Amino acid sequence: MIEYDEIEQRMVLKLVYYGPAMSGKTTNLLQLHDILAVEGRGDLMTLDTKDDRTIFFDLLPFFFTAPSGLKIKVKVYTVPGQVRHDATRKAVLARADGIAFIADSQLSETANNSESFANLEKNLAFVGIDIEKMPLVIQFNKRDLKDIVSEDEIRRVWEPTGIPVFMASALYGQGVLETFRRLVELTYDYIDSRHSLKEKHMLSKEMFVDNLTKVSTELAGQ
Amino acid sequence: MEQMDRIDFSLGADMGLKDILGATDVLPLLKAIVGAGADLAAVTDSKGKFLWAEGNIPDNKELPSMAMEAAAKEIPGKPETLKGVNWRLSTIHHEAEPIGLFFVSAPEALNERFLSNLMETAFAGLNIIIRNIVKRVFTTELHTTVVKRSYEELLETNRNLAASEKKYKELSETLEQKVEERTAELKKAHTRLLQQEKMASIGQLAASVAHEINNPIGFIYSNLNTLKKYIGNLNEIIQFYKVKGQGSEVIGKEAEELYKKLRIDFIKADIHDLIKQSIDGAERIKNIVANLKGFSHIDEAADREMNINAEMDNTISVLSNEIKDRSAKIVKQYGQAAGFFGNTGLICQAFLNILLNALQSGDDNLIITVKTEQRGDNAVIFIADNGRGIPPEIQDRIFEPFFTTRDVGKGTGMGLAVTYDIISQYRGSIEVKSEMGKGSTFVITLPLKK
Ligand SMILES: Nc1nc2c(ncn2[C@@H]2O[C@H](COP(=O)(O)OP(=O)(O)OP(=O)(O)O)[C@@H](O)[C@H]2O)c(=O)[nH]1
Ligand SMILES: [Mg+2]
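Described in the following lines is the structure provided in the data block. (Residues numbered from 1 in each chain as written. Chains lettered and ligands numbered in written order. Predicted model: local features only at pLDDT ≥ 70, side-chain atom pairs only at ≥ 80, totals over all residues. Heavy atoms only, no water.)

**A closer look at the side chain of A:R89**
All names here are of chain A.
Next up, step 1: Within the element layout of this structure, R89 appears in helix α2 (residues 86-93).
Next up, step 2: Within the structure, R89 has its side chain in polar contact with the backbone oxygen of G81 (distance 3.4 Å).
Next up, step 3: Sequence-distant contacts of R89, that is, excluding residues within four places in its chain, are made with Y18, V79, P80, G81, Q82, V83, N119 and N123. (Helix = DSSP H or I, 4+ residues; strand = E, 2+ residues; numbered from the N terminus. Polar contact = N/O pair within 3.5 Å; in protein donor to acceptor, adjacent residues only side chain to side chain. Contact = heavy atoms within 4.5 Å.)

**Regarding a nonpolar patch on the surface**
Next up, step 1: Where nonpolar side chains cluster on the molecular surface, the patch consists of B:L234, B:I237, B:I238, B:F240 and B:Y241 and spans about 490 Å² of accessible area.
Next up, step 2: Within the element layout of this structure, B:Y241 appears in helix α6 (residues 202-247). (Patch = residues over 30% accessible without salt bridge, like charges linked within 9 Å, V, L, I, M, F, W, Y side chains within 5 Å. Areas by Shrake-Rupley, 256 points an atom, 1.4 Å probe, with all protein chains shown as cover. Salt bridge = Lys/Arg side-chain N within 4 Å of Asp/Glu carboxyl O.)

**Section: the nonpolar core**
Next up, step 1: Grouped together as the largest cluster of nonpolar side chains are 138 residues, with contacts concentrated most on A:F180, B:I33, B:F102 and B:L126.
Next up, step 2: For this core, the element with the most residues is helix α4 (residues 112-163) of chain B, which contributes 13 residues.
Next up, step 3: Both of domain 1 (17-111) and domain 2 (297-447) of chain B provide at least three residues apiece to this core.
Next up, step 4: When residues no more than four places from it in sequence are discounted, the contact partners of B:I33 are B:A38, B:A41, B:F102, B:V104, B:L118 and B:A122.
Next up, step 5: By size, the runner-up hydrophobic cluster in this structure holds 12 residues, among which are B:L40, B:A42, B:A70 and B:W87. (Core = buried A, V, L, I, M, F, W, Y, C linked by side-chain atoms within 4.5 Å. Buried < 20%, exposed > 50% of the residue type's maximum accessible area, 1.4 Å probe, protein only. Domains from an automatic or database assignment.)

**A word on helix α2 (residues 23-35) of chain B**
Residues and elements named next belong to chain B.
Next up, step 1: Taking 1.5 Å as the rise per residue, α2 with 13 residues should run 18 Å; its terminal C-alpha atoms sit 17 Å apart, in good agreement.
Next up, step 2: Within the span of α2, buried status applies to V26, L29, L30, I33 and G35.
Next up, step 3: A positive phi of about 120° marks G37, the residue just after α2. (Expected span 1.5 Å × (residues − 1).)

**A closer look at the sheet that holds strand β3 (residues 85-94) of chain B**
Residues and elements named next belong to chain B.
Next up, step 1: Pairing is antiparallel across the open sheet formed by 4 strands, whose spatial order is β2-β1-β4-β3. Of all strands in the sheet, those bounded by a partner on one side alone are β2 (50-55) and β3. The sheet shows a mean angle of 10° between the axes of neighbouring strands, direction not considered.
Next up, step 2: Sheet topology note: the β3/strand β4 (residues 97-107) ladder contains 10 bridges and is antiparallel. Each bridged residue has a counterpart across the sheet, and for T91 the counterpart in β4 is L101.
Next up, step 3: Docked against the sheet, α2 engages β1 (40-44), β2 and β4, running at close to 35° with respect to β2.
Next up, step 4: Each of β3 and β4 touches helix α3 (residues 65-72); the most contacted strand, β3, lies at about 40° to it. (Pairing = 2+ DSSP bridges. Axes fitted to C-alpha atoms, helices over the stretch in contact; angles between N-to-C directions.)

**A look at a negative patch on the surface**
Next up, step 1: Judged by side-chain charge, B:E173, B:E176, B:E180 and B:E181 come together as a negatively charged surface patch.
Next up, step 2: Topologically, B:E180 is positioned in helix α5 (residues 165-197). (Lys, Arg positive; Asp, Glu negative; His and termini not counted. Charge placed at Lys NZ, Arg CZ, Asp CG, Glu CD.)

**Section: the sheet that holds strand β7 (residues 329-333) of chain B**
Residue and element names in this part refer to chain B.
Next up, step 1: On the basis of which strands lie adjacent, the open sheet formed by 5 strands has the order β7-β9-β10-β12-β11 and mixed pairing. The open sheet has two edge strands, β7 and β11 (429-435), and neither has a second partner. Across this sheet, the average inter-strand angle for adjacent strands is 15°, counted without regard to direction.
Next up, step 2: As paired strands, strand β9 (residues 367-375) and strand β10 (residues 378-385) are joined by 8 bridges and run antiparallel to one another. Within β10, the residue paired with Q374 across the bridge is A379.
Next up, step 3: Against the sheet, helix α11 (residues 344-359) makes contact with β9, β10, β11 and β12 (439-447), and its axis sits at roughly 170° relative to β12, the strand it touches most.

**Section: the pairing of β2(B)**
Residues and elements named next belong to chain B.
Next up, step 1: Taken together, the 5 bridges between β1 and β2 define a ladder with antiparallel strand orientation. From the neighbouring strand, A41 faces β2, where its bridge partner is E54.
Next up, step 2: Hairpin remark: β1 followed by β2, antiparallel, with 5 residues in the connecting loop; positive phi at G48, about 90°.

**Observations concerning the packing of aromatic side chains**
Next up, step 1: As enumerated under the stated definition, the model contains 9 aromatic pairs over all chains in all.
Next up, step 2: Ring geometry for B:F240 and B:Y241: centres 5.9 Å apart, planes at 65°, overall edge-to-face.
Next up, step 3: Residue classification places B:Y241 among the exposed residues on the basis of a relative accessible area of 57%.
Next up, step 4: The structure contains a cluster of three or more aromatic residues connected by ring pairs, namely A:F64, A:Y188 and A:F208.
Next up, step 5: Here the guanidinium or amino end of A:K14 rests over the ring plane of A:Y77, the centre of that ring lying 5.2 Å away.
Next up, step 6: Across the ring face of A:F126, the terminal group of A:K90 is positioned such that the distance to the ring centre comes to 4.5 Å. (Phe/Tyr/Trp six-rings, centres within 6.5 Å; stacked < 30°, edge-to-face > 60°. Lys NZ or Arg CZ within 6 Å of the ring centre and 35° of its normal.)

Put into structure tokens, the structure is as follows:
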């Protein structure tokens, strides 16, 4: 549900980090904010309550211009994972162009993961998005902890669905950029097929991805 | 389903500079810059056309071409000579997108360093204004979306309601349960609120309370609207029976008596007012809730080491005009206060709001004493005035967002809240001591770099 204004030459894309409470959605965005270069990246807006739970959403915006002059804004949101904030989740999910589902690898969280995924399916249907067509990646976070689902098990369950799966330890910045990069790639394909980014706007996949995943030089130098 | 428009659940509409800012947000800042000795201060669109400006505004109302060239090369802020004036330029960003330019020029006579400081402080101030407005818009937007959604769900419920009387009963039971649940939730929220009060700043609390209140109030509001409609229907049927009844020998008189006994005429007149007042009240609560601030920013410009005394001097000179206007006297008692690490623009903003407050604290013979000293690993800053003082009952509220003692519309009530946020961000603390008729002293403690 891309917002595209042909006359103004503007496109606004919305990517959403979804998943159960405390799975690390906000942490993913915090890390992206730290890893990625300032150029073209905006401030991370976040609601910090005392106990670090998201009530509204977090937002990390990006902006760049295609060779054709098309201005592209990409807004990356997190939803609040707690069950009771479902209304807010729906509002944030509406008109999404791509989704990263952040699951918690801990064995104790298995039920919460599937409940949250079912909630995603339900809410996507509610806001009129076809999950089959939507760019979607899954991240299993908190790999650094003990008592986690094994990678084999995860691949066995998810590989048949064709949805790309990533292992991550967001708290330590691992797997965060990989997850995001794949989401961005899938999103490009999805939009290119509808708005001919390459033909009409001379915006190749490489350019699109590079613009959104430029690593801060401070880090690159390390 | 009167006036039920299509509901769009979209969030975070795109905003340009003019959607975010209004003249009342910007002009006081620009005026202050010119008051501090600048020749021209302007906020322009991204093409350099003036949106708001103060000082010597050129006839064409756009930035000098030299400044525009610098902006195009994306090296804003780089000073070059411009016919006997010095100038500074910064790009205003919103969600990473450049949406405008901020320009200040000053006669060559004005000290270069002073101009840089002025620009830095003012730009930080402008960014804070933009940030707060954007936060408010986002929060409001999300609230509205969620309320609208609850409203639609309620209408759906009502449609089901009409299906059968049996369902009616069941539903009223679940409604009761819902009310109980809501009450329990509110109670929980209240308990949580009490616990958090000690630790969290009121601003952050406000956001979560707002959210808790938001759902029930959305509920109440839409119920009231539905009720209003139902009452219209009931009225109609009563009227119908009344008119028909008058023609009937059998029940006409009896109905007429009952009608009088039940004071239906009075009820019809009053019920409209009752509901209108309730809707107004609910609407007001909705607005209050929407106004509570919520978001905080993680990003800050680069921190650097500074001498607090120097930054205080900068802030005072930015205010020189106000000080002159009010013929206030500033007494400086500076001690050791070097080695603080932070963003100078933000720190100046923090001082500025307290100094402004002090300047507005009294009418004549105003003396403001600014004292600094080092205590252990902290710098302690005292800003004292001999003004009216702050009534004890509001002393612990002055740092809350939107709290203002000035007339509605005059102060935004954000000044001291902004200071509080900035000081907390650097893990400092701020306190106020005040005595009616004698004046107030603000004490800021900031941890120094080890
Ligand atoms: N050990 C470990 N902890 C993590 C990791 N990622 C996140 N956490 C921790 O998990 C907790 C929750 O992280 P958040 O990012 O706030 O979770 P969230 O998904 O935004 O949660 P909600 O906002 O409530 O939906 C925090 O204490 C994080 O530090 C990880 O990779 N490993
Ligand atoms: Mg979160």
